[in-house]
Amino acid sequence: MKMSRTVLAIHGGAGTLLKDDMNPEKEAAYLAALKASLLAGSAILDKGGSAEESVEAAVISMENSPLFNAGKGSVFTADGTHEMDAAIMLGKNTNCGAVCGISGIKNPISLARSVMNKSKHVLLATKGAETFAKTVGAEFQPPEYFYDELRFNQWQKVKGSDTFALDHDIDPGRKFGTVGAVALDVHGNIAAATSTGGMTNKRFGRVGDSPLIGAGTYANNATCAVSCTGSGEYFIRGVVAYEVSALMEFKGMSLQKACDEVIHKRLLKIGGDGGLIAVDSKGNVCLPFNTAGMYRGIARQGEPMELSIYGD
């Protein structure tokens, strides 16, 4: 069997990243966090590990950083709590697992992987997901672990109102977003993983696209693995992650053409903004976005890492 040349791509959110509000220290911190994520995921691929393990490791690295809206850095809800969502999907058999509206779980992506591998379900929600987490030994953290002063101050700007927003709608210079990873391993299998804290000041148990298979996360060896970031409601309406796969499968589009069609045409047509990362089983990678920037990185086997924040 021919061994594939591995590749890992990650994102840390898309949005209105204003260069005027960026300083060298902040930029260095973001790039270092992205590099750490790539190193965590690519180390597994380099040892012959699976795409499944790689995307989980890459996402865990970003969940453990306060710089991103996932895990430790999750935004505040209207009630002053943190409600997190995550999903993982494998291209080789379309197995997947997801959680939504969970609190206190250190690494939501690992719980999503446990749902996939240790339950007969795909999506577990809120208290039920937390109960399941205890049965599989997931690591819990107290509320103060998830407290971040920047996040708290963002929430104060909209607290008590009906406004809910992505970070860049509240604070244009400080966009830290949903995180995700897609990978191709030596066996030719691909996988996708996505994790998020959702929208600041969200109410009523709002859930975005990240944990919804086909909307924010999707993988199929026959086409591609996709992880999305942006205005979740629009990604749900556009079934964005699966749309990329469908254009490849049914219209014979290349990965690049399908991604560009979805992000620069179909998503914009319904008023959505954001981006995605995608990889196919041939090792092609695409990272399109229709915003001012997207935290992103690529690690191809035998090549220097690529790290970027803004558009070209």
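A brief look at the structure comes next.

Reading guide: rules and limits
Residues numbered from 1 in each chain as written. Predicted model: local features only at pLDDT ≥ 70, side-chain atom pairs only at ≥ 80, totals over all residues. Heavy atoms only, no water. Patch = residues over 30% accessible without salt bridge, like charges linked within 9 Å, V, L, I, M, F, W, Y side chains within 5 Å. Areas by Shrake-Rupley, 256 points an atom, 1.4 Å probe, with all protein chains shown as cover. Salt bridge = Lys/Arg side-chain N within 4 Å of Asp/Glu carboxyl O. Helix = DSSP H or I, 4+ residues; strand = E, 2+ residues; numbered from the N terminus. Expected span 1.5 Å × (residues − 1). Buried < 20%, exposed > 50% of the residue type's maximum accessible area, 1.4 Å probe, protein only. Contact = heavy atoms within 4.5 Å. Polar contact = N/O pair within 3.5 Å; in protein donor to acceptor, adjacent residues only side chain to side chain. Pairing = 2+ DSSP bridges. Axes fitted to C-alpha atoms, helices over the stretch in contact; angles between N-to-C directions. Phe/Tyr/Trp six-rings, centres within 6.5 Å; stacked < 30°, edge-to-face > 60°. Lys NZ or Arg CZ within 6 Å of the ring centre and 35° of its normal.

**As for a nonpolar patch on the surface**
1) Next: A cluster of nonpolar side chains, Val122, Leu123 and Ile213, forms an exposed patch at the surface whose accessible area comes to about 200 Å².
2) Next: Examined against the element boundaries, Leu123 turns out to sit in strand E4 (residues 123–125).

**Topic: helix H1 (residues 24–46)**
1) Next: In this model, H1 (23 residues) spans 31 Å end to end at C-alpha, consistent with the 33 Å of a helix rising 1.5 Å per residue.
2) Next: Taken residue by residue, H1 has Tyr30, Ala33, Leu34, Ser37, Leu38, Gly41, Ser42 and Leu45 as its buried positions.
3) Next: Next to the buried residues of H1 lie strand E1 (7–15), helix H2 (51–63), strand E5 (179–184), strand E11 (293–300) and strand E12 (306–310).
4) Next: At the N-terminal boundary of H1, the capping side chain belongs to Asn23, with an oxygen 3.0 Å from the backbone nitrogen of Glu25.
5) Next: Of the residues trailing H1, Gly48 is marked for its positive phi of about 85°.

**Observations concerning the pattern of salt bridges**
1) Next: A full pass over the atoms with the stated rule returns 10 salt bridges.
2) Next: Residues Glu303 and Arg5 are paired through a salt bridge, measuring 2.3 Å at the closest nitrogen-oxygen approach. Of this pair, Glu303 sits in the loop between E11 and E12 while Arg5 sits in the segment before E1, and the two are 298 residues apart along the sequence.
3) Next: The exposure class of Glu303 is partly exposed, given its relative accessible area of 36%.
4) Next: Here Glu233 makes a salt bridge to Arg206, at a shortest N to O gap of 2.9 Å. Of this pair, Glu233 sits in helix H7 (residues 232–237) while Arg206 sits in the loop between strand E6 (190–196) and strand E7 (217–219); the two residues are 27 residues apart in sequence, bridging distant segments of the chain.
5) Next: Classification of Glu233 by relative accessible area gives partly exposed; the value is 31%.
6) Next: With a relative accessible area of 15%, Arg206 lands in the buried category.
7) Next: Each of Glu243, Glu261, Lys265 and Arg266 takes part in one network of salt bridges that share partners.

**Things to note about unusual backbone geometry**
1) Next: For Thr126, which is not glycine, the phi torsion reads 40° and is therefore positive.
2) Next: Tracing the sequence through the fold places Thr126 in helix H4 (residues 126–135).
3) Next: A positive phi angle is found at Phe204, which is not glycine, with a value near 60°.
4) Next: As for its placement among the helices and strands, Phe204 is situated in the loop between E6 and E7.

**Things to note about the sheet that holds E1**
1) Next: If you walk across this open sheet you meet the eight strands as E4-E3-E2-E6-E5-E1-E11-E12, and the pairing is mixed. The sheet is open, and its two borders are formed by E4 and E12, each paired with just one other strand. Adjacent strand axes in the sheet meet at a mean angle of 10°, parallel and antiparallel pairs treated alike.
2) Next: Where E1 lies against E11, seven bridges are found, and the strand directions are antiparallel. Opposite Val7, over in E11, you have Arg300 as the bridge partner.

**Quick word on the packing of aromatic side chains**
1) Next: For the structure on display, the rule yields five aromatic pairs.
2) Next: Aromatic side chains Tyr30 and Tyr295 sit 5.1 Å apart centroid to centroid with 65° between the ring planes, which places their arrangement in the edge-to-face category. Here Tyr295 lies in strand E11 and Tyr30 lies in helix H1, a separation of 265 residues in the sequence. Here Tyr30 and Tyr295 have matching classes, each one buried.
3) Next: Through a chain of ring-to-ring contacts, three or more aromatic side chains come together here, namely Tyr30, Phe68 and Tyr295.
4) Next: Directly above the ring of Phe140 sits Lys134, whose terminal nitrogen or CZ lies 6.0 Å from the centroid.

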